[in-house]
Amino acid sequence: MQIVTRFPPSPTGYLHLGSARTALFNWLYAKKTGGQLVLRIEDTDRQRSTQEAIDTIIEALQWLGLDWDRGPFCQSERFDRYQEVIRQLLDEGKAYHCFCTRERLDALREAQRADGRNPGYDRHCRDLGRQPSPGQSTVVRFKSPLHGTVVFDDVVRGAVAVENARLDDLIIARSDGAPTYNLCVVVDDIDMGVTHIIRGDDHTNNTPRQIHIFQSLGAPLPVFAHIPMILGADGRRLSKRHGDVSVLEYRDQGILPEALLNYLARLGWAHGDREVFSVAEMVELFDLKDINKSAASFDPAKLLWINQRHLQQAPPQRLADDLGARLTRHGLDPGAGPPLAEVAEAMRERAQTVEEMAVKVAYLYADFDRYEPGAAKKHLTPSAAAPLQSLHDAFEAVDDRDWRETAINRAIAGVLEAQSIKLGRIAQPLRVAVSGVAATPPIDTTVKLVGRRRTLERIQKALRWIAARRAGGTGQPQIS
Ligand code: GLU
């Protein structure tokens, strides 16, 4: 039997972290078992569903690399099919027209509340056997079993049992004929041959009702796996406040898709103590039985840590492309500095995201007009002037074509020897002079990436800056 999973977002907003994780688990299980993933757009709520939401959800899935084998199917295009099933259930006596007025239902609810009973429909019309007169619109209700218990074996939660007495007769068609959510989901899951329903445990309450509909249509039950929610650090359900923004916002922040997938997988699934997985490893190792039973909390710091681990493994050219696009977005010209792949290689240990990388390497692509204040104060001091001047002269003597670490180190070593000083004395002043900041890749790599012309110019600027500072004045002098 081929396994068929599904991802059925309601297009009422962006793809957030919880839904992305649900999509991932369905995708992993389909991939692992050689099965299929169906993408279904649950847009029966015409008021709240938008094309824009459909587009961003699809864009996010594509960015994450979560591809589907069938679909996207839109529920809004399947209304005829739902009508057919509603008709069938009515004809078979498994559903009935309900003529109760709003006033009656309100009064019923009031009375139930006053008696301390659970509100629910009292099945007043269930056995009337009444048909609507032509043109009369009524809601249609499903005849839920009156006795017994519905039991299902959830892969994550174990056996779940709900007494049928607690379920009232669900509306399956509204008075305007529109089919309701639980009906559409079941009809789709049957028609699309879904074998495994893996979804958030906020849907657990719907499952007994859906099971009754499956059974009334004579369809075999799929396997259910309800995944615990993602919580914020405060133990509350994850919301915007905790960073549950659109998945695409994480892309914009420089998180790699494979890192986000890795992090989401670990928020709800474990394979021993291991934290870092490639996508292929997740496909190989994923199993529904290893989904955690308790809710996990979202930890942005951990996501960054995982991202850095993936950054270290990503192909340099891919990082280079991403870095280039980000520099452009920051108004920098990626052609106005060193090759992006070299920069990405030098920076992948020093930034947690590609976005952070882009911010940190701006000095390689454009001149800066101020130094990091603390760094300049500490390192661009009068005593740094003489060594910086010597470095300038030594670098000037290096041929442009030899501008690589070996020649740069040789020039630096010459200055150290001539002045009998240690690298510690000049590395930081040189770094601040050429980059404006106190933390960059190793000094020889930094100087190489900055390039010979800029290195010479920037050392001269630093010397002028030191002179201006010595001459007095408050605050930071301009770099000139
Ligand atoms: N459309 C539902 C949602 O976005 C999912 C329903 C289901 O998985 O059965 O929450």
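The structure reproduced in this document is the subject of the present report. (Residues numbered from 1 in each chain as written. Predicted model: local features only at pLDDT ≥ 70, side-chain atom pairs only at ≥ 80, totals over all residues. Heavy atoms only, no water.)

Moving on, we come to empty space enclosed by the protein. With the rule as written, the count across this model stands at 1 cavity of 30 Å³ or more. Here the largest cavity is characterised by a volume of approximately 30 Å³. Along the walls of the largest cavity sit Asp367, Phe368, Tyr371, Ala433, Arg458, Lys461 and Ile479, which together make up its complete lining. Looking at the lining of the largest cavity, its residues break down into 4 nonpolar, no polar and 3 charged. (1 Å grid on protein atoms, 1.4 Å probe; cavity = no way out; pocket = protein on both sides within 12 Å on 5 of 7 lines; lining within 4 Å. Points joined across faces, edges and corners; volume = space filled by probe spheres on them. Nonpolar A, V, L, I, M, F, W, Y, C, P; charged D, E, K, R; others polar.)

Pairing is parallel in the open sheet, where 3 strands are placed in the order β1-β2-β3. Both outer strands of the open sheet, β1 (4–7) and β3 (70–74), are each paired with one neighbouring strand and no more. Across the sheet, the mean angle separating the axes of adjacent strands is 25° when strand polarity is ignored. Here strand β2 (residues 36–41) runs beside β3; their pairing, made up of 3 bridges, is parallel. Bridging from a neighbouring strand, Ile41 pairs with Cys74 of β3. With respect to the sheet, helix α1 (residues 17–33) is in contact with β1 and β2, its orientation differing from that of β1 by roughly 165°. (Pairing = 2+ DSSP bridges. Helix = DSSP H or I, 4+ residues; strand = E, 2+ residues; numbered from the N terminus. Axes fitted to C-alpha atoms, helices over the stretch in contact; angles between N-to-C directions. Contact = heavy atoms within 4.5 Å.)

This next bit is on the layout of surface pockets. Here the largest pocket defines a volume of roughly 610 Å³. His16, Ser19, Thr22, Asp202 and His203 are the residues nearest the centre of the largest pocket, which is lined by 26 residues in total. Contributions of two or more residues to the lining of the largest pocket are made by β1, α1 and β9 (196–200). For the lining of the largest pocket, the element with the most residues is α1, which contributes 4 residues. Among the residues making up the lining of the largest pocket, the classes are represented as 10 nonpolar, 9 polar and 7 charged.

On to the site of the ligand, then. Taken together, the residues surrounding the ligand are Arg6, Pro8, Pro9, Ser10, Glu42, Tyr181, Val185, Arg199 and His203. Between Pro8 and the ligand, the recorded distance is 2.8 Å, taken from a backbone N or O atom to a nitrogen atom. Between the ligand and the protein, one listed contact pairs a nitrogen atom with a side-chain N or O atom of Ser10 at 2.8 Å. Contact with the protein chains removes 81% of the 300 Å² of surface that the ligand exposes when unbound. Assessed atom by atom at 2 Å from the grid points, the ligand resides in the largest pocket. (Near = heavy atom within 4 Å. Polar contact = N/O pair within 3.5 Å; in protein donor to acceptor, adjacent residues only side chain to side chain. Areas by Shrake-Rupley, 256 points an atom, 1.4 Å probe, with all protein chains shown as cover. Sits in = over half its atoms within 2 Å of the grid points.)

Read these as geometric descriptors, not functional statements.
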